Amino acid sequence: MYRIVRVAQGHVPRGPTLTQPVGSCLCEAISFDVVGELRGVLHCHCVNCRKSSGNFVASSGCPTDALTIHDPDEQLRWYDLGFCRYGFCATCGSRLFWQGADHMEHTSIQAGVIDDASQLALDGVWFAHDAQPHNSPDPAVPHFSGNGDLD
Ligand SMILES: [Zn+2]
Ligand SMILES: [Zn+2]
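Here the structure is a predicted model, which means the values were calculated and not measured.

Rules used in this analysis
- Residues numbered from 1 in each chain as written.
- Chains lettered and ligands numbered in written order.
- Predicted model: local features only at pLDDT ≥ 70, side-chain atom pairs only at ≥ 80, totals over all residues.
- Pairing = 2+ DSSP bridges.
- Helix = DSSP H or I, 4+ residues; strand = E, 2+ residues; numbered from the N terminus.
- Buried ≥ 20, exposed ≤ 12 C-beta atoms within 10 Å, placed from the backbone.
- Contact = placed C-beta atoms within 7 Å.
- Core = buried A, V, L, I, M, F, W, Y, C linked by C-beta atoms within 7 Å.
- Axes fitted to C-alpha atoms, helices over the stretch in contact; angles between N-to-C directions.

1. Some points on the sheet that holds strand β6 (residues 76-80)
Within the open sheet, the 8 strands sit side by side as β6-β7-β8-β9-β4-β3-β10-β11. Their pairing is mixed. Whereas interior strands pair on both sides, the edge strands pair on one side only; in this sheet they are β6 and β11 (143-144). Direction of pairing for strand β8 (residues 95-100) relative to strand β9 (residues 106-110): antiparallel, over a ladder of 2 bridges. Following the sheet pairing, tryptophan 98 is matched in β9 by serine 108.

This is the structure we're talking about:
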């Protein structure tokens, strides 16, 4: 459950409330907003996530059609592994997105690029058996082995 309600001072909102979780890469060349809720955070310790991010990945996500990417200078690049691809900023290198080739209707969003992730809980750990010893996953969080539906 994640909500930011943007209301100008003195403005009384009417009708349905638009929720827009927002975030950006480090240099802010790329920003994004999401209409609706973000899913809970999943950690992934697979070697692809590890190498592409520099550590294990913590990602939230949303339906792709709920995601609006603002990229006026066309800095978003995708590193494509065939079965999935990682989206990153060409200027600052921030990893922002992940999409699986078999379920492009969902986009994972790196939790760290979300401006306020205070309402997002950790829901699970993928590839826990591949975790490096210094990143031992919490055994109290559900662990999943192999490829899950979402990353
Ligand atoms: Zn950037
Ligand atoms: Zn992974």
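2. Topic: the environment of alanine 140
Tracing the backbone through its elements, the reader meets alanine 140 in the loop between β10 (122-126) and β11. Residue class for alanine 140 comes out exposed when judged on the 7 C-beta atoms lying within 10 Å of it. Separated by 16 residues in sequence, alanine 140 and glycine 124 place their C-alpha atoms 9.4 Å apart.

3. Observations concerning unusual backbone geometry
One non-glycine residue with positive phi stands out, namely glutamate 74, at about 50 degrees. With respect to the secondary-structure elements, glutamate 74 resides in the loop between β5 (67-70) and β6. Glutamate 74 sits in the exposed class, given 9 other C-beta atoms within 10 Å.

4. Focus: the environment of serine 60
Among the secondary structure elements, serine 60 is positioned in strand β4 (residues 57-63). Spatially, the C-alpha atom of serine 60 lies 9.7 Å from that of aspartate 123, the residues being 63 residues apart in sequence. Beyond its immediate chain neighbours, meaning those up to four positions away, serine 60 contacts Leu38, Arg39, Val41, Ile109, Ala111, Ile114 and Leu120.

5. Re the nonpolar core
Cys25, Cys44, Cys89, Leu96, Ile109, Val113 and Trp126 are the most contacted members of the largest nonpolar core, which totals 27 residues. Taken together, the elements giving at least two residues each to this core come down to β2 (31-34), β3 (41-44), β4, β7 (84-89), β8 and β10. Considering every element that reaches this core, the biggest residue donor is β7, with 4 residues.

6. Structural notes on the sheet that holds strand β1 (residues 22-24)
One open sheet accounts for 3 strands, arranged β1-β2-β5; its pairing is antiparallel. Of all strands in the sheet, those bounded by a partner on one side alone are β1 and β5. The mean inter-strand angle of the sheet, taken between neighbouring strand axes irrespective of direction, is 20 degrees. Bridge count for β2 against β5 is 4 bridges, and the pairing is antiparallel. Residue pairing for β5: valine 34 is matched across the bridge by leucine 67.

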